[in-house]
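Each chain is listed here by its residues.
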Amino acid sequence: VGNRFLGLILVVAGFGTLGVFWPIFTLGALLGVALAGSFASGAFLAPMAGIVGAAALWSAVLGTPLGVAVLAFELTGSAYVLVPCFLAAWIGREVRRRTGTRGLLEADLDA
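Residues numbered from 1 in each chain as written. Predicted model: local features only at pLDDT ≥ 70, side-chain atom pairs only at ≥ 80, totals over all residues. Heavy atoms only, no water.

Draft legend 1. Region of interest: the overall build of the chain. Within the chain one finds 6 helices and 0 strands. In sequence order, the secondary structure elements of the chain are arranged as α-α-α-α-α-α. For the chain, with 111 residues in total, the buried portion stands at 27%. Contacts in the chain between residues at least 24 apart in sequence constitute 63% of all its contacts with a sequence separation of at least 6. For the chain, the exposed surface amounts to about 6,900 Å²; the carbon and sulfur share of it is 73%. (Helix = DSSP H or I, 4+ residues; strand = E, 2+ residues; numbered from the N terminus. Buried < 20%, exposed > 50% of the residue type's maximum accessible area, 1.4 Å probe, protein only. Contact = heavy atoms within 4.5 Å. Areas by Shrake-Rupley, 256 points an atom, 1.4 Å probe, with all protein chains shown as cover.)

Draft legend 2. Representation of the packing of helix H3 (residues 46-62) against helix H4 (residues 65-76) within the structure. Close contact between H3 and H4 brings their axes to 9 Å; oriented N to C, the two are set at 150°. With respect to H4, the element H3 is oriented roughly antiparallel. For the element pair H3 and H4, the recorded crossing hand is right-handed. Here Ile51, Ala55, Trp58 and Ser59 of H3 lie close against H4, whose contacting residues are Pro65, Val68, Leu71, Ala72 and Thr76. For the contact of H3 with H4, the per-class residue count stands at 7 nonpolar, 2 polar and no charged. (Axes fitted to C-alpha atoms, helices over the stretch in contact; angles between N-to-C directions. Parallel < 35°, antiparallel > 145°, perpendicular 65-115°, else oblique. Left-handed = near helix turned anticlockwise from the far one by under 90°. Nonpolar A, V, L, I, M, F, W, Y, C, P; charged D, E, K, R; others polar.)

Draft legend 3. Focus on the nonpolar core. The biggest cluster of nonpolar side chains holds 16 residues, and the ones touching the most others in it are Phe25, Ile51, Trp58, Val68 and Cys85. Elements supplying a minimum of two residues to this core: helix H2 (21-39), H3, H4 and helix H5 (82-98). With 6 residues, the single largest contributor to this core is H3. Non-local contacts of Trp58, meaning those with residues more than four positions away in its chain, are made with Phe21, Ile24, Phe25, Gly63, Thr64, Val68 and Leu71. (Core = buried A, V, L, I, M, F, W, Y, C linked by side-chain atoms within 4.5 Å.)

Draft legend 4. How the structure looks around a nonpolar patch on the surface. There is a patch of nonpolar side chains on the surface, built from Leu66, Val70, Val83, Phe86, Leu87, Trp90, Ile91 and Val95 and spanning about 740 Å² of accessible area. Among the secondary structure elements, those contributing two or more residues to the nonpolar patch are H4 and H5. Here the nonpolar patch gets 6 residues from one element, more than from any other, and that element is H5. Judged by its relative accessible area of 39%, Val70 is partly exposed. (Patch = residues over 30% accessible without salt bridge, like charges linked within 9 Å, V, L, I, M, F, W, Y side chains within 5 Å. Salt bridge = Lys/Arg side-chain N within 4 Å of Asp/Glu carboxyl O.)

Draft legend 5. Looking closely at the environment of Tyr80. Mapped onto the fold, Tyr80 is located in the loop between H4 and H5. Once the C-alpha coordinates of Tyr80 and Met48 are considered, the two residues, 32 residues apart in sequence, prove to be 9.5 Å apart.

Draft legend 6. View of the confidence of the model for the chain. Across the chain, pLDDT averages 79, with 78% of residues at or above 70. No element of the chain has a lower mean pLDDT than helix H1 (residues 2-15), at 60, and none a higher one than H5, at 91. (pLDDT = per-residue confidence, 0-100.)

Draft legend 7. Seen up close, H3. The terminal C-alpha atoms of H3 lie 24 Å apart, and with 17 residues this matches the ideal 24 Å at 1.5 Å per residue to within 8%. Regarding H3, the residues found buried are Ala49, Gly50, Ile51, Val52, Gly53, Ala54, Ala55, Trp58, Ser59 and Leu62. Note on H3: the residue one or two positions beyond its end, Gly63, has a positive phi of about 80°. (Expected span 1.5 Å × (residues − 1).)

In structure tokens, the structure reads:
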């Protein structure tokens, strides 16, 4: 297991800054903003909805709710995003688990 994890780290490092992570984060942010725009009339929810949507999709694809919550905190510098992002990420991971699919990291480790 240790060698597979080390291999995964090397593959991820080879992707550089683009890789698969930032497109997933951007798509989740766009979905979060679109969803907030359809439910709420206030534009003040869009930034929080974007970061929460990005956390939910990232965790659903990669399966790392705590990691994405910390990433959201690091990107925004605000402690107010930790709990909403962690809850959305946890819900995203649970939805993925209940549908019977595996995360990208789990699939890479199994390969």
